[in-house]
Amino acid sequence: MAKKRMKVGFVGLGLMGSPMAMNVLKAGWPLRVWNRTADKAEPLVAAGAARAATATDAARGADFVIVMVADDTALDSVLFGENGLSRGLKRGAILINCSTTSPAISFRAATALRSISVRYLEAPVMRSVQAAREGKLQMLVGGSREDFQKAEAVLKSVASDIHHIGDIGKASTLKLALSLVAATMIQAFAEYFVLARKTGIPFETMMDVLKVGPLDSQPFRYAEQVVVNPGARPSFYLKHMLKDVNLAMDLARQMDVPMPLTSEVRQMLAAAKNLDRGDEDFAALLDLMAGWAGVPMRG
Ligand code: NAP
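Residues numbered from 1 in each chain as written. Predicted model: local features only at pLDDT ≥ 70, side-chain atom pairs only at ≥ 80, totals over all residues. Heavy atoms only, no water.

1. Regarding helix α9 (residues 203-211)
- F203, M206, M207 and L210 are the residues of α9 that are buried. Projected down its long axis, α9 carries its buried residues within an arc of 90°, all on one side. Those residues of α9 that are exposed and angled more than 90 degrees off the buried face are E204 and V209.
- On the buried face of α9, the contacting elements are α8 (170-198) and α10 (218-228). (Buried < 20%, exposed > 50% of the residue type's maximum accessible area, 1.4 Å probe, protein only. Helix = DSSP H or I, 4+ residues; strand = E, 2+ residues; numbered from the N terminus. Arc of directions from axis to C-beta. Contact = heavy atoms within 4.5 Å.)

2. Focus on unusual backbone geometry
- Even without being a glycine, R127 presents a positive backbone phi close to 90°.
- You will see that D256, though not glycine, has its phi angle at about 55°, which is positive.
- Relative to the assigned elements, D256 resides in the loop between α11 (238-254) and α12 (260-277).
- Judged by relative accessible area, D256 falls into the exposed class, the value being 69%.

3. Structural notes on the packing of aromatic side chains
- Under the criterion given, the structure shown has seven aromatic pairs.
- Taken together, a centroid distance of 6.4 Å and an interplanar angle of 55° make the contact between Y222 and F282 tilted. Of the two residues, Y222 is situated in helix α10 and F282 in helix α13 (residues 282-293); the sequence distance between them amounts to 60 residues. The residues Y222 and F282 share a single accessibility class, namely buried.
- Here the aromatic residues F189, Y192, F193, F203, F220, Y222 and F282 are joined through ring pairs into a cluster of three or more.
- The ring of Y237 carries K239 above its face, with NZ or CZ at 5.0 Å from the centroid. (Phe/Tyr/Trp six-rings, centres within 6.5 Å; stacked < 30°, edge-to-face > 60°. Lys NZ or Arg CZ within 6 Å of the ring centre and 35° of its normal.)

4. Digging into the pairing of strand β1 (residues 8-11)
- In β1, alternate side chains face the same way, and those of V8 and F10 on one face and G9 and V11 on the other are all buried.
- Each parallel crossover has a hand, and the one from β1 via helix α1 (residues 17-26) to strand β2 (residues 31-34) is right-handed.
- Direction of pairing for β1 relative to strand β4 (residues 64-67): parallel, over a ladder of four bridges. Its bridge partner being in β4, G9 is matched across the sheet by V65. (Right-handed = clockwise from strand over helix to strand, strands pointing away. Pairing = 2+ DSSP bridges.)

5. Some remarks on the packing of α8 against α12
- For the pair α8 and α12, interaxial distance at closest approach is 10 Å and the crossing angle is 65°. Crossing handedness for the pair α8 and α12: left-handed. Here α8 contributes L180, A183, T184 and Q187 to the contact with α12, which in turn contributes L261, T262, V265 and M268.
- Across the contact of α8 with α12, the residue classes tally to five nonpolar, three polar and no charged. (Axes fitted to C-alpha atoms, helices over the stretch in contact; angles between N-to-C directions. Left-handed = near helix turned anticlockwise from the far one by under 90°. Nonpolar A, V, L, I, M, F, W, Y, C, P; charged D, E, K, R; others polar.)

6. What about the packing of helix α4 (residues 72-80) against helix α5 (residues 103-114)?
- Where α4 contacts α5, the two axes come as close as 11 Å, and the packing angle between them is 5°. Taken together, the axes of α4 and α5 lie roughly parallel to each other. Across the interface between the two elements, D72, L75, D76, L79 and F80 from α4 touch I105, A109, A112 and L113 from α5.
- Residue composition of the contact of α4 with α5, grouped by class: seven nonpolar, no polar and two charged. (Parallel < 35°, antiparallel > 145°, perpendicular 65-115°, else oblique.)

7. A few points about the pairing of β2
- As defined by bridge partners, β1 adjoins β2 across four bridges and the pair is classed as parallel. Across the sheet, residue V8 finds its bridge partner in β2, namely L31.
- Pairing between β2 and strand β3 (residues 50-51): two bridges, direction parallel. Counted as the bridge partner of V33 is R51 from β3.

Given below as structure tokens:
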């Protein structure tokens, strides 16, 4: 089937989903979008996407449906809830779940969708909102190679580095393992900033030194942005980092894998969320650590 005649549905237009959907549209795919909070669809509709009234409606006639929602609960709801995607998906369609969710829900979703002749791929992503805008996400795909190959052209409109990891469950597991590394790095940077701040070393010096040394990394560049732009709109909510770490811990528990470091980081993230800072980013963690150290991070 020629690309132009294939249709794409997109559900979940949050920080990541909106720019991803925009890139699907820019790549020339006919697109129908739906988001729980309807006004987030406006820029896409203005750019030429069709507005779906429900998730079911977003799935109607689509060859591929991409879902980019917060977590397992959201995925379950948009797939199988009232007016969910499963009611509108046609036989042979491929559902592509880009959200960071558990391997368990991937198995459940794949099995349930198979019973209505719909294929399922998990395709969690790495990198940032900026990479999502540029269509340069890194993507880990779990599912059959055949389904992956069918979906590859649409995946390429949002991601520049795409890895087929293996069967369903493998990509979401690897994504969670990567998330725990990112979260522990972020916690380490918070401690680095706080310790140096308390001893009077300027941020500029700390950053300049780290950037040209062996510890430079994308998580550090993200942490740096949060420090140098206080008050900027979050690009990765702390509540989602906690969700990722919780999912990684759940997996570790099931497999009897000790994760002492991740467990400590989870405590910090949970504390920050309970202080009503889940809708902030790394800055909340930084403030929490600074408070414990008795040093102001701002001003
Ligand atoms: P976000 O801005 O919070 O967007 C979450 C999306 O999920 C929104 O569209 C939201 O709808 C929807 N949603 C939440 N609960 C729902 C429910 N019960 N029913 C229907 N829709 C629901 O988060 P994001 O940053 O785009 O992240 C999306 C996913 O990508 C998460 O799994 C996150 O861990 C992962 N991720 C994020 C980044 C990043 O840098 N931000 C990077 C890699 C991976 P409303 O608009 O109505 O709330």
